[in-house]
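The lines below spell out each chain.
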Amino acid sequence: MFFSLVNCLPQPAQSLGAVYFQTNNPQGNMIVVSSIQQDGSLAFSKMVPTNGKGGLSIDAATGSPVGADPLFTQDSVITGDGFLFTVNAGSNCVSMFKINPRDPTDIRLIANPSTQGEFPVSLAYSSRLRMLCALNGGQKNGVHCFQVSENGLQSIPGSTRPLPFQQTTPPKGPLGTASDILFSENSDQLLVSVKGNPPANFTGFVASFPIQQRTLAQQPIINVPSGSVAPFSMSLVPSVKDRVLFTDAGVGFGLGQLNRDGKITASQTIPVQGQGAICWSDFSQKTGSVYMVDIKTSLVTEVDKDGQLIKQHPLSGNTIDMRIASLDQDFLYVNTPGDQSVKVLRLDARGQTTLVQSLQFDLKGALSQQGMAVFVPRKSKCQ
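Remember, predicted model here, so these are calculated numbers, not experimental data.

Observations concerning the environment of Tyr-20
Next, step 1: Along the chain, the position of Tyr-20 falls in strand E1 (residues 17-22).
Next, step 2: Exposure remark for Tyr-20: the relative accessible area of 0% places this residue in the buried category.
Next, step 3: As a C-alpha pair, Tyr-20 and Gly-371 span 351 residues in sequence and 7.8 Å in three-dimensional space.
Next, step 4: Only 2.7 Å separates the side chain of Tyr-20 from the backbone oxygen of Pro-104, close enough to count as a polar contact.

Thoughts on the sheet that holds strand E20 (residues 243-248)
Next, step 1: On the basis of which strands lie adjacent, the open sheet formed by four strands has the order E19-E20-E21-E22 and antiparallel pairing. Each having just a single partner strand, strand E19 (231-236) and strand E22 (264-271) make up the two edges of the open sheet. Along the sheet, successive strands turn relative to each other by an average axial angle of 20°, direction set aside.
Next, step 2: Where strand E21 (residues 252-258) lies against E22, six bridges are found, and the strand directions are antiparallel. Paired with Gly-252 across the strands is Pro-271, a residue of E22.

Focus: the sheet that holds strand E5 (residues 77-80)
Next, step 1: Spatial ordering of the open sheet is given by E5-E6-E7-E8, a layout of four strands whose pairing is antiparallel. Each edge of the open sheet is held by one strand with a lone partner, namely E5 and strand E8 (107-111). Across the sheet, the mean angle separating the axes of adjacent strands is 30° when strand polarity is ignored.
Next, step 2: Bridge count for strand E7 (residues 93-99) against E8 is four bridges, and the pairing is antiparallel. Each bridged residue has a counterpart across the sheet, and for Lys-98 the counterpart in E8 is Arg-108.

Criteria and cut-off values
- Residues numbered from 1 in each chain as written.
- Predicted model: local features only at pLDDT ≥ 70, side-chain atom pairs only at ≥ 80, totals over all residues.
- Heavy atoms only, no water.
- Helix = DSSP H or I, 4+ residues; strand = E, 2+ residues; numbered from the N terminus.
- Buried < 20%, exposed > 50% of the residue type's maximum accessible area, 1.4 Å probe, protein only.
- Polar contact = N/O pair within 3.5 Å; in protein donor to acceptor, adjacent residues only side chain to side chain.
- Pairing = 2+ DSSP bridges.
- Axes fitted to C-alpha atoms, helices over the stretch in contact; angles between N-to-C directions.

Here it is in structure tokens:
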């Protein structure tokens with residue numbers, strides 16, 4: 001009873017949550033932390049070292065390090081169960097932080113293990129399994145998983161699974177590179193997307209590893225969505241059971257149904273007129289729409305659960321990673337390396353958005369910032 005009464009006493013004013021992305025600096029990676037204010041806008045808080053290094057992929061056309069979107073992926077920074085996870089592509093490791101729920105800008109590094117591969121680019125977390133899996137996108141590619149506890153990350157012996165594509169370290173792309181990793185709705189499968197490379201006669205795919213007793217199948221089911229070119233991000237569409245939306249940087253996006261055997265059926269790739277490279281996506285619980293971001297046009301494309309176009313919302317500044325936070329309303333936070341900012345869009349209703357803020361950061365001129373994750377504490381029973 002005493003514990004409950006203490007937790008119901010008035011607490012100091014605090015932010016509604018926090019937003020995180022990584023600098024991805026090869027000299028030393030850091031998490032950029034901002035607090036979410038009452039109107040959904042952001043206030044910069046701090047930068048926290050990851051104890052790792054960022055990594056820059058190579059532009060296959062020029063042979064030079066990539067500026068904007070140097071990891072070619074979604075989910076390089078994620079949250080789950082009060083933890084923050086980020087890849088460190090330049091040092092082949094993952095960092096795990098504990099988030100203080102009373103002050104989500106307060107994060108504490110508690111683990112920094114190797115991903116047992118090269119150039120980790122994306123992460124997936126299952127609350128049901130208490131498992132974190134990392135996608136390595138370099139010459140030594142594949143998936144490796146960890147058991148998650150309050151004390152840190154425990155590498156799961158025998159969990160490394162190679163994938164059927166070849167790359168270098170650092171990777172050369174964006175075509176032919178690793179894209180994203182995602183647990184299925186009930187965590188009985190782990191999905192991995194890889195972009196195709198038509199000039200090299202390499203077909204992109206979405207791989208599915210069935211999971212039994214916290215163990216990945218030895219071999220994945222390889223799915224090639226009809227009409228796809230460069231599968232990129234993957235997002236679950238909770239309003240339709242086992243529906244997966246995947247963006248495609250060469251076409252637009254696609255939809256499919258994930259079956260228990262790992263096969264994706266009823267898949268279709270849907271062109272988006274005027275798209276440059278649609279790469280990132282997230283689902284809004286409040287509007288029921290999926291929002292996708294294009295790095296070349298800086299358009300946010302909104303579609304419904306069946307892939308019907310609702311509206312395109314213009315932004316600027318080479319928009320990349322994005323994530324939606326559910327407060328009283330949903331807010332979309334978009335990482336924008338072109339002007340070193342985060343754009344904040346309020347999702348007012350289906351087809352309606354309001355640009356709330358463009359918060360700029362001083363990252364010393366580098367365009368390597370990557371990832372986007374949010375944390376909103378659960379409301380106590382006293383609220």
